[in-house]
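Single-letter residue listing:
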Amino acid sequence: MDPISASCFSLNIQENRKAIKEEEQQYAKFQEIIVSCKSLSKYEGKTFKTLLPQVMAAIMAGSLHIAVGLSLSFSGILVPALDKDLQNGTDSDGQLYATKDESAWIASVVVIIVPVGSITAGFAMDAWGRLWAVRLAIIPTVLGWCLIASANSVGMIIAGRLLTGFATAWGSIPATVYITEIARADMRGSLVVTAPTFASLGMLICFLKGWFLNWRTVAWLCNIYALMPILFLFLIPESPPWLVSKGKIEQAAKSLQWLNKYQPQPENRHESLAELQLHALQKEHQAKLEEQAKRGDSGGMAKLKEFFKPTGYKPLLILTGLFFFQQFAGIYITLFYSVTFFHEVGSTLNPYLASTFLCLIRMLMACFNSYLLKTFNRRSLLITSGFGMALCTGLSGLFTYLIKQGSLTMTWLPLAALLLFVVASMIGFLPIPWTMMAELFPLEIRGVANSIAYSIGNLLMFASIQSFWGLVSVFQGFAGVQWFFAVISILASLYTYIFVPETHRKKLNDITDYFVHNSIYLLAKKEPKNSNKIVNGTRVGKKDIIKANVGQNDKLMENV
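Described below are features of the structure shown in this document. This structure is a prediction, so every number in the text was calculated from the model and none was measured.

### A few points about the overall build of the protein
At step 1: Check the secondary structure of the protein and you find 29 helices and two strands.
At step 2: Burial status across the protein gives 51% buried among its 560 residues.
At step 3: Within the protein, residue pairs in contact and separated by at least 24 positions form 79% of the contacts whose partners lie at least 6 positions apart.
At step 4: As presented, the protein carries roughly 26600 Å² of accessible surface, and 63% of it is formed by carbon and sulfur atoms.

Shown next, in the form of structure tokens:
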């Protein structure tokens, strides 16, 4: 019998209830103190003016994602310009064309290099700072676009695409981390979404320019969208948490003062909000140092062992499945081959204009995503998205088939169905797999596991883009490929319904606990309301947590 159960026999019911109530109040008080030390949200002003510096910093840091969007979507205008059949053997300036296999490499090579970029970007932003890592992305970006613009062979184009793909990781990952670290807790999601919104804007710009300009001219102009954001980065301060981690306390204080310049003086406090945040960051950093000291040299091996636990390999397998269905449902294929796709489905509308509509919808839906992800369950969005994509690509395939057979003259129907397909994908299957990476893994391996999952997602993206022309051949045309996408989308919804757990409004610890004894969501064990938590392999209750942490919390109360 555990100590708490044994003590119940020595107390009468009334005293026991009173004791439990007092302990729960104490526990709640401790939790409030701990949270306030981390976020200090009760001292923050909630007006837009107080948030303005953080908004400006997020916009400036995220603006380099315009170049990311340009890099991802450039193959959409480049591949048809190098197509032998469309250009009668040469591109529009009479110098170059590419085979189907070469076009597949031109389109897909930009993502195969992303895992290398993401790993090196992680080391760079930890060593030199978040903003300097973003600034250094300008070097491969400019070199890549110059190689593409001046290319006299397919090899030069592929080399340039490799460099711009590498730069997307160096520009996007540190920028997203920076926004996460400087944003107010309640606004973090809304500010982080500025990055994909700018990426969608870059895609829109790419197809607008490709509609009127030669692809070489577009490549030269892409340098502008990389250089301007770099200049903006010199106007904003470095991430305070990173500065504190490097012992640069004075610079961290200045950074926090800049970010909180419009915050009112907290009531009943002598310190400003910036000073309170600095003290909290220092305490948090000191706690991490003490934890690392306890681990000693076994930290790396301990992380490796975590991947062999259910809380490590189960989330990774679930994410791998989500990324597989995401990629082979055609979400990114229709982007990378958009102009070719719209041309081949039989639409008489200018394919560049159609691609522009596609990117405009992506950008608008990216802005709307913050509301969807905040309001609706992840599983509901994914299942709805999968069936919606299946319906749209199924109808588009049918319309394409009828147009090719000459029995349908309304050539705008495939375009409308594909645009609705983009809307359906943005509801769930495009953003949520990337979002869930930060939710499913335990704290001990969250950083490493995110990098691995991110790399898997990009490798599967490479495989899907690389296999596109093979799919066209196997399924005997674009109509068959779209029906294949529809089948994969239906399987994606079924996969979500059976395996994917719900994470919306769930505590990260609760999500981790789910994987200890569950693999299939439909067969998941239903825990009682007052279920205990598993800590270090032992099931403990709230009282055990309180008693185990009373000494630390008392000391924390004295400091606060």
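### Thoughts on a nonpolar patch on the surface
At step 1: A surface patch of nonpolar side chains, about 940 Å² in accessible area, is lined by Phe387, Val487, Ile490, Leu491, Leu494, Tyr497, Ile498, Phe499, Ile520, Leu522 and Leu523.
At step 2: You can call Ile498 partly exposed: its relative accessible area is 30%.

### A closer look at the environment of Cys206
At step 1: In this structure, Cys206 sits in helix α12 (residues 194–212).
At step 2: Classification of Cys206 as buried rests on a relative accessible area of 0%.
At step 3: As a C-alpha pair, Cys206 and Ile66 span 140 residues in sequence and 9.6 Å in three-dimensional space.
At step 4: Ignoring sequence-local partners within four residues, the contact set of Cys206 consists of Leu70, Ser73, Phe74 and Ile77.

### Thoughts on the packing of α12 against helix α21 (residues 351–375)
At step 1: It is the contact of α12 with α21, at a shortest axis distance of 8 Å, that shows an interaxial angle of 165°. Put simply, α12 runs roughly antiparallel to α21. Between α12 and α21 lies a crossing whose hand is left-handed. Side by side, α12 and α21 meet where Pro196, Thr197, Ser200, Leu201, Met203, Leu204, Phe207, Leu208, Gly210 and Trp211 of the first sit next to Tyr352, Leu353, Ser355, Thr356, Cys359, Leu360, Arg362, Met363, Ala366 and Cys367 of the second.

### Describing the pattern of salt bridges
At step 1: A full pass over the atoms with the stated rule returns three salt bridges.
At step 2: In this structure, Glu181 engages Arg130 in a salt bridge whose closest nitrogen and oxygen atoms are separated by 2.8 Å. Highlighted residues: Glu181 in helix α10 (residues 154–182) and Arg130 in helix α8 (residues 130–136), separated in sequence by 51 residues.
At step 3: Judged by relative accessible area, which is 8%, Arg130 ranks as buried.
At step 4: Salt-bridge contacts for Lys254 lead to Glu250; the nearest nitrogen and oxygen are separated by 3.9 Å. Of this pair, Lys254 and Glu250 are both found in helix α15 (residues 249–259), four residues apart, which corresponds to roughly one turn of the helix.
At step 5: By relative accessible area, Lys254 is classed as exposed at 52%.
At step 6: Overall, the relative accessible area of 57% leaves Glu250 in the exposed class.

### Concerning the packing of helix α4 (residues 65–81) against helix α13 (residues 215–232)
At step 1: Contact pair α4 / α13: the axes reach a minimum separation of 11 Å and the direction vectors enclose 180°. Taken together, α4 and α13 sit at an angle that is classed as roughly antiparallel. The residues of α13 that touch α4, namely those facing Ile66, Ala67, Leu70, Phe74, Ile77, Leu78 and Ala81, are Trp215, Val218, Ala219, Cys222, Tyr225 and Ala226.
At step 2: Its residues assigned to classes, the contact of α4 with α13 shows 13 nonpolar, no polar and no charged.

### Side note on the nonpolar core
At step 1: Of all hydrophobic cores here, the largest spans 137 residues; its most connected members are Phe74, Leu319, Phe336, Tyr337 and Phe468.
At step 2: Beyond its immediate stretch of four places on either side in the chain, Phe468 contacts Ile333, Tyr337, Phe341, Phe478 and Val481.
At step 3: Of all hydrophobic cores here, the second largest spans nine residues; its members include Trp242, Leu243, Ala274 and Leu278.

### A short note on the packing of aromatic side chains
At step 1: Per the stated rule, a full pass over the model turns up 25 aromatic pairs.
At step 2: Considering the side-chain rings of Tyr371 and Phe376, the 6.3 Å spacing of their centres and the 85° angle between planes classify their relative orientation as edge-to-face.
At step 3: On the basis of relative accessible area, Tyr371 is assigned to the partly exposed category, the value being 43%.
At step 4: Ring plane angle 45° and centroid distance 6.0 Å describe the contact between Tyr401 and Trp483, whose orientation is recorded as tilted. You can see Tyr401 sitting in helix α22 (residues 378–405) and its partner Trp483 sitting in helix α27 (residues 478–499), a full 82 residues away along the chain.
At step 5: Overall, Tyr401 belongs to the partly exposed group, its relative accessible area being 39%.
At step 6: Since its relative accessible area comes to 36%, Trp483 is described here as partly exposed.
At step 7: Ring pairs connect the aromatic residues Phe324, Phe325, Phe328, Tyr495 and Phe499, which therefore count as one cluster.
At step 8: Here Arg135 stacks its cationic end above the ring of Trp132, 4.8 Å away from the centre of that ring.

Quick notes on the rules
Residues numbered from 1 in each chain as written. Predicted model: local features only at pLDDT ≥ 70, side-chain atom pairs only at ≥ 80, totals over all residues. Heavy atoms only, no water. Helix = DSSP H or I, 4+ residues; strand = E, 2+ residues; numbered from the N terminus. Buried < 20%, exposed > 50% of the residue type's maximum accessible area, 1.4 Å probe, protein only. Contact = heavy atoms within 4.5 Å. Areas by Shrake-Rupley, 256 points an atom, 1.4 Å probe, with all protein chains shown as cover. Patch = residues over 30% accessible without salt bridge, like charges linked within 9 Å, V, L, I, M, F, W, Y side chains within 5 Å. Salt bridge = Lys/Arg side-chain N within 4 Å of Asp/Glu carboxyl O. Axes fitted to C-alpha atoms, helices over the stretch in contact; angles between N-to-C directions. Parallel < 35°, antiparallel > 145°, perpendicular 65-115°, else oblique. Left-handed = near helix turned anticlockwise from the far one by under 90°. Nonpolar A, V, L, I, M, F, W, Y, C, P; charged D, E, K, R; others polar. Core = buried A, V, L, I, M, F, W, Y, C linked by side-chain atoms within 4.5 Å. Phe/Tyr/Trp six-rings, centres within 6.5 Å; stacked < 30°, edge-to-face > 60°. Lys NZ or Arg CZ within 6 Å of the ring centre and 35° of its normal.

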